[in-house]
Every structure is written in structure tokens, then in C-alpha cells.
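# Geometric and topological summary
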Amino acid sequence: MFSSEYERRIAARFAAFDQDGNGAIDREDFSVAAKALLAEFGVPARSDRGQALYAGAEAFWQGMAGIADRDGDQRISREEFVTGAVKRLRDNPDRFAEIARPFLHAALAVAGADGDAVAATVDDAVRVLRVLGVPQDVARTAVAALDADGDGRVSEREVVPAVARYFTVSE
Ligand code: CA
Ligand code: CA
């Protein structure tokens, strides 16, 4: 059992990144997430949207490694995540938004592009979060809250800060 609500939430964030559940966050977890999203929405890896998603996943991994992989072994251990990533991202949520944005932008495009304004329907945005390991009820509540004007769509402008808030939760 976790000793506090805060620790439970941090453990959930770690689990969301550790997509293959092997106890560490590494490059493979990000490509696993990209692959799962492409499969969920039936988008070929070799398409423009598929390549953009893989590029975004790599940039996301590089950004996270730069923040948290202190010993440089190309893996973010649970300890490195808690002592490095959580504290540094909490102190600088904008930095997290910056490193996550290309991946989230590409993920929304995979879920359903809408001309220049990249957006997805509420249902598709929930599917994205579900594939990334966010529980259904949490995903649905979060996405519904984002769709402030109730038009059934959420945009990158709304999603990026929300994801940054989720992962940079403070004590
Ligand atoms: Ca892993
Ligand atoms: Ca490491």
C-alpha cells in the first residue's frame, strides 16, 4: 500500500509511462505507446501521421530522459522518476508541455485531424488516453472537462495543458 494519496498518484503516473510494465521507463515504452495508438485508429506506421507520431514519441522520450535519466543508462528508474522527473516537472510545467506537445499533436492527428486546428472528438480523445493507460472514468471526466463549449471536440490548445497538469501534479 502507498503511504499517501500523493505517492499513489505518482505511482499511477509512472505506470502510465511504463507502458510495457517492466519497471523502468525507456525509449521502448514510447514506441509501444505510438504503435498502440496507430493500431487503435488503424493508421499505418509508414503514413505521414504514423511517422509524425513516432517522431513525437522519440522527442518525448529524449525530453524525459534529459530531465530524469541521471545516470545516463537510457532508462528512467522509479527512483529517478520520483526524485528527478516529478520534482523538476512540478517546478516547471511549461517544460513538460513543451516536450510532450509534438507527441500529443501527432496523437490528436492520428485520432482525427480537423484541417488546421488539430482536434479530436471527445470519444476519440478518450480512446487516446485509454490506449496510453489512463483509466476510463478518469479519461472521460478529464476530456469532458476540456470540452468547455460542449461542441463535442477537444483541441491541442486544450489537451496539452491538461496533460501537463495531470503529470505535474503537486503534493
Ligand atoms: Ca518500460
Ligand atoms: Ca537511469
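I will try to describe carefully the structure that is included in this document. (Residues numbered from 1 in each chain as written. Chains lettered and ligands numbered in written order. Predicted model: local features only at pLDDT ≥ 70, side-chain atom pairs only at ≥ 80, totals over all residues. Heavy atoms only, no water.)

Once that is clear, we can look at the coordination of the calcium ion (ligand 2). The coordination sphere of the calcium ion (ligand 2), as far as protein atoms go, consists of Asp 69 (OD), Asp 71 (OD), Asp 73 (OD), Arg 75 (O), Glu 80 (OE) and Glu 80 (OE), spread over 2.2 to 2.6 Å. Because the angles between the six donor atoms bound to the calcium ion (ligand 2) fall within 52 to 154 degrees, the donor set is best described as irregular. Written as a sequence motif, the donor arrangement for the calcium ion (ligand 2) is D-x1-D-x1-D-x1-R-x4-E. (Donors = N, O, S within 2.8 Å, 3.2 Å for Na, K, Ca; no water. Tetrahedral: all angles 85-135°; square planar, octahedral: opposite > 155°, others 65-115°.)

Next up on the list: helix H3 (residues 48-68). In this model H3 runs 30 Å from its N-terminal to its C-terminal C-alpha over 21 residues, within 8% of the 30 Å that 1.5 Å per residue would give. Along H3, the residues classified as buried are Gly 50, Leu 53, Gly 56, Ala 57, Phe 60, Trp 61, Gly 63, Met 64, Ala 65, Ile 67 and Ala 68. Those residues of H3 that are buried are in contact with helix H1 (5-17), strand E1 (24-26), helix H2 (27-41), strand E2 (75-77), helix H4 (78-91) and helix H5 (93-112). (Helix = DSSP H or I, 4+ residues; strand = E, 2+ residues; numbered from the N terminus. Expected span 1.5 Å × (residues − 1). Buried < 20%, exposed > 50% of the residue type's maximum accessible area, 1.4 Å probe, protein only. Contact = heavy atoms within 4.5 Å.)

Around the calcium ion (ligand 1), the protein supplies Asp 18 (OD), Asp 20 (OD), Asn 22 (OD1), Ala 24 (O), Asp 29 (OD) and Asp 29 (OD) as donor atoms, at distances of 2.2 to 2.5 Å. Bound by six donor atoms, the calcium ion (ligand 1) shows angles of 52 to 157 degrees at the metal and therefore irregular coordination geometry. The sequence motif formed by the donor residues of the calcium ion (ligand 1) is D-x1-D-x1-N-x1-A-x4-D. Here Asp 29 lies in helix H2 and Asp 18 lies in the loop between H1 and E1, a separation of 11 residues in the sequence. Grouping residues by exposure puts Asp 18 and Asp 29 together as buried.

Remember, this is a structural readout, not a statement about activity or role.
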